[in-house]
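Spelled out from the first residue to the last, the chains are:
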Amino acid sequence: MNKIDLFSQVREALPQRRELSDDELTPIELLARYRVTPTTVLPPMETLFRAYDVPCFYRGELVAVCGKAKSGKTLFLSMIMACCLTNKVLALERIAADNEGPLRVLWLDTEQSQQSTQEIMLKRIIPLAGDVSGFDECFYSYNLRGLGYETRRELMEVAVNALHPDLVIIDGIKDLVTDINDAVQATQIMEQLMMLAQKNNCCIVNVLHQNKSEADHNMRGSIGTELTNKAFEVYRCEFIEDSETFKVTQCLSRRMRMKHKIFYQLENDGQVVDCTGSLNSQKKGTV
């Protein structure tokens, strides 16, 4: 037996070193692990989409989509989810490598009936995305409306950790707590979501209504305040009755701000018309 073989056998016999978990470290060791310096080697931030040449929907971060009742929040979510499966949906363009297939989507619906969830897939998401092969392998939708909030939160965590999605849609986040004005619950759910987003390198989009007052654009309750504080981006959906137009505004971003707004209309046959820039210059997409 030569020396190389002997050394190889000795190395294989030694116990494998493993990185200690956070729970196994002393407080000072844990603090050192999370120190960031100018020379700390970190991976670059990644985004799922761009709109008007502005990167948006960052991996590892939380995003908020808010609006009044019937302001087009679910329709905007359909556009986001469809863009995971195709290259472009209206103003949204998917950022992907040449050899990368569709992004993996996890949609947790806590507000609508199962029939409504299915109808949105069939009449909104799939037509917007076009002919998508292997839809069932990259799109996972679950309707959790009939379950208690604790079960919803447990299943949400199980689904994210098991499926490792690129994009998570939680519609709506208020159904993961018992009281939207409970500051403790708001902090707990935000911590849980931030941990899941970072651990799985996914973007988690949370849907929440704004306060009912027409002049108040803040999101409802303590959970709305906490979501505003923790979200990397906040998008506001509005319906302009005079022109039958939906408008989406990026009203907060921790990086590049999107100055343009997204305008679109729904025609009688269900087609989406891109009205951005001018209502007289329209580009049709199928819904």
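So, how was this worked out
In every chain, residue numbers begin from 1 and rise along the written sequence. The predicted origin of the model limits local features to residues at a pLDDT of at least 70 and limits the giving and counting of side-chain atom pairs to 80 or more, whereas totals for whole chains, interfaces and linings rest on all residues. The side-chain quantities take in all heavy atoms of the structure and omit both hydrogens and water. Patch membership requires more than 30% relative accessible area and the absence of a salt bridge. Residues of like charge join within 9 Å; the nonpolar side chains Val, Leu, Ile, Met, Phe, Trp and Tyr join within 5 Å. Exposure was quantified through the Shrake-Rupley algorithm and a 1.4 Å probe, taking into account, for residues, occlusion by the shown protein chains and nothing else. Salt bridges, as used here, are contacts in which a Lys or Arg side-chain nitrogen is within 4 Å of a carboxyl oxygen on Asp or Glu. Asp and Glu are treated as the negative residues and Lys and Arg as the positive ones, with His and the ends of the chain left uncounted. In plain terms, the charge of a residue is placed at NZ if it is Lys, CZ if Arg, CG if Asp and CD if Glu. Under the DSSP-based scheme used, a helix requires at least four consecutive residues in state H or I and a strand at least two consecutive residues in state E, with every element numbered from the N terminus. Here the aromatic set is Phe, Tyr and Trp, taking the six-membered ring for Trp, and pairing holds for ring centres within 6.5 Å; pairs whose planes are under 30 degrees apart are stacked, those over 60 apart are edge-to-face, and all others are tilted. Only protein chains enter the area calculation, which uses a 1.4 Å probe; residues under 20% of their type maximum are buried, those over 50% are exposed, and those in between are partly exposed. Between two residues, a contact is recorded if the distance between any of their heavy atoms is within 4.5 Å. Any pair of cysteine sulfurs within 2.5 Å is marked as a disulfide. The definition of a polar contact used here is a pair of N or O atoms within 3.5 Å, where within protein one atom must be able to donate a hydrogen and the other to accept one, and adjacent residues in sequence count solely through side-chain atom pairs. By nonpolar core is meant a set of buried Ala, Val, Leu, Ile, Met, Phe, Trp, Tyr and Cys residues that side-chain atoms within 4.5 Å join together. For two strands to be treated as a pair, DSSP must find at least two bridges joining them. To get an axis, fit a line to the C-alpha atoms, keeping to the stretch in contact for a helix; angles then go from 0 to 180 degrees between the N-to-C directions.

J.: Sorry if this is basic, but what is going on with a negative patch on the surface here?
T.: Together, Glu-214, Glu-241, Asp-242 and Glu-244 line one region of the surface with negative charge. In this structure, Glu-244 sits in the loop between strand 10 (233-240) and strand 11 (245-253).

J.: Is there a simple way to explain the packing of aromatic side chains in this structure?
T.: We describe a pair of aromatic rings using the distance from one ring centre to the other and the angle between the two ring planes. Scanning the entire structure with this criterion turns up seven aromatic pairs. Between the aromatic rings of Phe-49 and Phe-57, the centroid separation amounts to 5.5 Å while the plane-to-plane angle is 80 degrees, which identifies the pairing as edge-to-face. Judged by relative accessible area, which is 0%, Phe-49 ranks as buried. Ring geometry for Phe-135 and Phe-139: centres 4.8 Å apart, planes at 15 degrees, overall stacked. Each member of the pair, Phe-135 as well as Phe-139, carries the same accessibility label: buried. Aromatic ring contacts, followed pair by pair, group Phe-49, Phe-57, Phe-76 and Tyr-235 into a single cluster.

J.: Before we go on, may I ask you to explain the environment of Ala-129 in this structure?
T.: Here Ala-129 is to be found in helix 4 (residues 114-129). A residue is classified by how much of its surface remains accessible, and Ala-129, at 9% relative accessible area, is buried. Sequence-wise, Ala-129 and Cys-84 are 45 residues apart; in three dimensions their C-alpha atoms are separated by 8.2 Å. Ignoring any residue separated from it by four or fewer positions in sequence, one finds Ala-129 in contact with Ala-82, Leu-85 and Thr-86.

J.: Before we go on, may I ask you to explain the state of the cysteines in this structure?
T.: One way to say it: the disulfide is the covalent bond shared by the sulfur atoms of two cysteines. Following the criterion strictly, the structure yields zero disulfides and no others. Cys-83 supplies the cysteine sulfur nearest to Cys-56, a cysteine that is in no disulfide, at a spacing of 8.5 Å. This cysteine, Cys-203, is not joined by any disulfide, and Cys-202 carries the nearest cysteine sulfur, 7.6 Å off. Given a relative accessible area of 0%, Cys-203 falls into the buried group.

J.: Would you mind going over the side chain of Arg-59 with me for this structure?
T.: The topology assignment puts Arg-59 in the loop between strand 2 (54-58) and strand 3 (62-67). The class for Arg-59 is buried, based on a relative accessible area of 15%. At 2.9 Å, the side chain of Arg-59 forms a polar contact with the side chain of Asp-166. Polar side-chain contacts of Arg-59 include one of 3.2 Å to the backbone oxygen of Asn-201.

J.: Honestly, the nonpolar core in this entry has me stumped. Any pointers?
T.: It is characteristic of soluble globular proteins that their nonpolar side chains tend to be buried jointly. The biggest cluster of nonpolar side chains holds 47 residues, and the ones touching the most others in it are Phe-57, Phe-76 and Tyr-264. With eight residues, the single largest contributor to this core is helix 3 (residues 73-83). Contacts of Phe-57, omitting those with residues within four sequence positions, involve Glu-46, Thr-47, Leu-48, Phe-49, Val-63, Phe-76, Ile-80, Cys-203, Val-205, Glu-233 and Tyr-235. Ile-170, Val-177, Ile-189 and Ile-204 belong to the second-largest nonpolar core, a separate cluster that totals 30 residues.

J.: Sorry if this is basic, but what is going on with the sheet that holds strand 1 (residues 47-51) here?
T.: In any sheet, the strands associate via hydrogen bonds between backbone groups, in a parallel or an antiparallel arrangement. Read across the open sheet, the four strands follow the order 2-1-5-4; overall the sheet is antiparallel. Only two strands of the sheet have a single partner each, and these edge strands are strand 2 and strand 4 (88-89). As defined by bridge partners, strand 1 adjoins strand 5 (residues 92-94) across three bridges and the pair is classed as antiparallel. In the sheet register, Ala-51 faces strand 5, and the bridge partner there is Leu-92. Relative to the sheet, helix 3 contacts strand 1, strand 2, strand 4 and strand 5, its axis offset from that of strand 5 by approximately 25 degrees.

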